[in-house]
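Okay, here's what each chain looks like letter by letter:
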Amino acid sequence: MIPDHSNKTLAELLDLSGRRAVVTGGAKGIGAQTARRLAEAGADVVIADLDLSAATATATDIASATGRTTVASFIDVGDTASIVAAADVAVSRLGGIDIWVNNAGIYPTTGPAIEATDEFIDRMLSINVRGSFAGAREAAKRMKSGVIINLASIAGLSATPGISAYVMSKHAVIGMTKVLSREFAPLDIRVVAVAPGPIDTPGVQDQLAPLKAAGVDVGAMLTKTPLGRGGVPDDIARAIVFLASDLAAWVNAETLVVDAGSLAR
Ligand SMILES: NC(=O)c1ccc[n+]([C@@H]2O[C@H](COP(=O)([O-])OP(=O)(O)OC[C@H]3O[C@@H](n4cnc5c(N)ncnc54)[C@H](O)[C@@H]3O)[C@@H](O)[C@H]2O)c1
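Moving on to the overall build of the chain. Across its full length, the chain carries 9 helices and 7 strands. In terms of overall size, the chain behaves like a compact globule, its C-alpha atoms giving a radius of gyration of 18 Å where 265 residues would be expected to give roughly 18 Å. In terms of principal-axis extent, the alpha carbons of the chain reach across some 50 × 40 × 40 Å. The buried share among the 265 residues of the chain stands at 44%. For the chain, long-range pairs separated by at least 24 residues make up 74% of all intrachain contacts whose partners lie at least 6 apart in sequence.

Next up, the structure:
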């Protein structure tokens with residue numbers, strides 16, 4: 001049973017010392033900043049990514065900035081065997097898993113749904129949906145208690161034409177968060193999600209490059225929010241640290257929208 005933490009100070013509630021975290025897609029963007037903030041809060045972190053050399057550079061940076069143990073590991077969340085291998089790295093190098101962040105994801109533009117191929121849909125769903133499901137499953141098998149945090153998106157709560165595969169994948173992530181939260185609660189594992197609005201990351205810049213080349217003011221697209229500035233990876237990393245910490249001990253199944261209020265209508 002997840003204990004009542006009323007007698008702890010705020011600093012104690014936020015302290016992740018002794019926790020072992022895995023961040024998939026942790027080499028860049030939201031994942032890298034999440035790994036950094038988790039380590040700052042005291043966690044040891046496996047930074048698992050398709051790009052092992054970028055993961056190694058990020059792990060080295062975070063270790064020197066925070067003094068925490070960081071481990072770079074290869075993972076391709078489209079391939080379950082490599083998810084299993086990365087989970088085993090966390091157990092062998094850090095001694096276990098308390099926090100698993102399903103952050104790795106892709107968002108190529110689908111284009112008109114009427115032209116989308118089965119191969120395109122399969123690829124999107126295998127990485128964004130099956131990859132997160134397998135990550136949650138393999139983490140839960142190895143946790144004594146803990147929290148699994150899924151990266152959803154405001155695309156999982158809305159319906160933007162042209163990115164139908166991504167929209168479907170993130171709706172699925174939100175459903176998965178709810179059902180796994182019910183299945184894993186008896187194991188003392190919370191399952192929650194974050195739904196970011198547009199965040200300036202290497203992946204978003206890649207996606208917007210064709211628009212930029214066509215003369216669209218991409219900067220304005222990213223920065224026009226009710227709070228008057230665009231989102232940065234740390235806006236999401238701070239929300240993830242909250243959800244990972246005992247501050248959120250009674251938060252379960254929820255998807256926390258972090259978008260400066262853009263989705264509100
Ligand atoms: N940036 C945004 O605006 C935004 C908004 C909503 C949700 N999200 C979600 O947040 C997550 C991170 O987004 P980001 O913008 O930081 O991405 P990014 O593309 O900038 O970085 C993604 C990282 O994941 C790695 N990666 C890609 N495919 C992988 C795979 N198959 N296996 C393992 N690692 C892989 C990449 O090497 C990279 O290090 C994604 O799930 C994305 O859908 C992002």
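Still more ground to cover, so stick around.
Take the pairing of strand β4 (residues 99-102) next. Both faces of the sheet carry side chains from a regular strand, because those side chains alternate between them. Residues I99 and V101 line one face of β4 and the alternating positions W100 and N102 line the opposite face, and both faces are buried. Relative to β4, strand β1 (residues 20-24) is paired through 3 bridges, and the arrangement is parallel. Within β4, the residue paired with V23 across the bridge is V101. The pairing of β4 with strand β5 (residues 146-151) spans 4 bridges and is parallel. Opposite N102, over in β5, you have N150 as the bridge partner.

On to the packing of helix α2 (residues 29-40) against helix α3 (residues 52-66). Close contact between α2 and α3 brings their axes to 10 Å; oriented N to C, the two are set at 25°. In this view, α2 runs roughly parallel relative to α3, as classed from their interaxial angle. α2 and α3 meet at a crossing whose hand is right-handed. Residues A32, A35, R36, A39 and E40 of α2 form the contact with α3, whose own contacting residues are T58, I62 and T66. Across the contact of α2 with α3, the residue classes tally to 4 nonpolar, 2 polar and 2 charged.

Around the ligand lies a shell of 29 residues, among which G25, G29, G105, T201 and G203 are the nearest. Going through the elements one at a time, α2 and α7 (202-213) are the ones with two or more residues in the shell around the ligand.

Attention now goes to the sheet that holds strand β6 (residues 189-196). On the basis of which strands lie adjacent, the open sheet formed by 7 strands has the order β3-β2-β1-β4-β5-β6-β7 and parallel pairing. Each of the sheet's edge strands pairs with one partner strand only, and the pair in question is β3 (70-74) and β7 (255-258). Sheet twist, expressed as the average angle between the axes of neighbouring strands with direction ignored, equals 20°. Pairing between β6 and β7: 4 bridges, direction parallel.

Let us look at the packing of helix α4 (residues 80-94) against helix α5 (residues 118-142). Contact geometry for α4 and α5: axes closest at 10 Å, N-to-C directions at 35°. Two packed elements cross with a definite hand, and for α4 against α5 that hand is right-handed. Taken together, the residues of α5 that come into contact with α4 (itself represented by T80, I83, V84, A87 and V91) are A134, G135, E138, A139 and R142. A class-by-class count of the residues in the contact of α4 with α5 yields 6 nonpolar, 2 polar and 2 charged.

With that settled, the discussion passes to the nonpolar core. Ranked by size, the top nonpolar core spans 71 residues in total, and within it V22, L38, V45, I47, I149, V194 and I240 carry the most contacts. Tallying contributions element by element places helix α6 (residues 164-184) first for this core, with 8 residues. Look past the residues within four positions of V194 in its chain and what remains in contact with it is I149, L151, A152, I236, A239, I240, L243, L256 and V258.

What follows covers the environment of G67. Residue placement: G67 occurs in the loop between α3 and β3. We classify G67 as exposed; it has 11 C-beta atoms within 10 Å. Counting along the chain gives 27 residues from G67 to E40, while the straight-line C-alpha distance between them is 8.6 Å.

Conventions adopted
- Residues numbered from 1 in each chain as written.
- Predicted model: local features only at pLDDT ≥ 70, side-chain atom pairs only at ≥ 80, totals over all residues.
- Helix = DSSP H or I, 4+ residues; strand = E, 2+ residues; numbered from the N terminus.
- Rg over C-alpha atoms; globule rule 2.2 N^0.38 Å.
- Buried ≥ 20, exposed ≤ 12 C-beta atoms within 10 Å, placed from the backbone.
- Contact = placed C-beta atoms within 7 Å.
- Pairing = 2+ DSSP bridges.
- Axes fitted to C-alpha atoms, helices over the stretch in contact; angles between N-to-C directions.
- Parallel < 35°, antiparallel > 145°, perpendicular 65-115°, else oblique.
- Left-handed = near helix turned anticlockwise from the far one by under 90°.
- Nonpolar A, V, L, I, M, F, W, Y, C, P; charged D, E, K, R; others polar.
- Near = placed C-beta within 6 Å.
- Core = buried A, V, L, I, M, F, W, Y, C linked by C-beta atoms within 7 Å.

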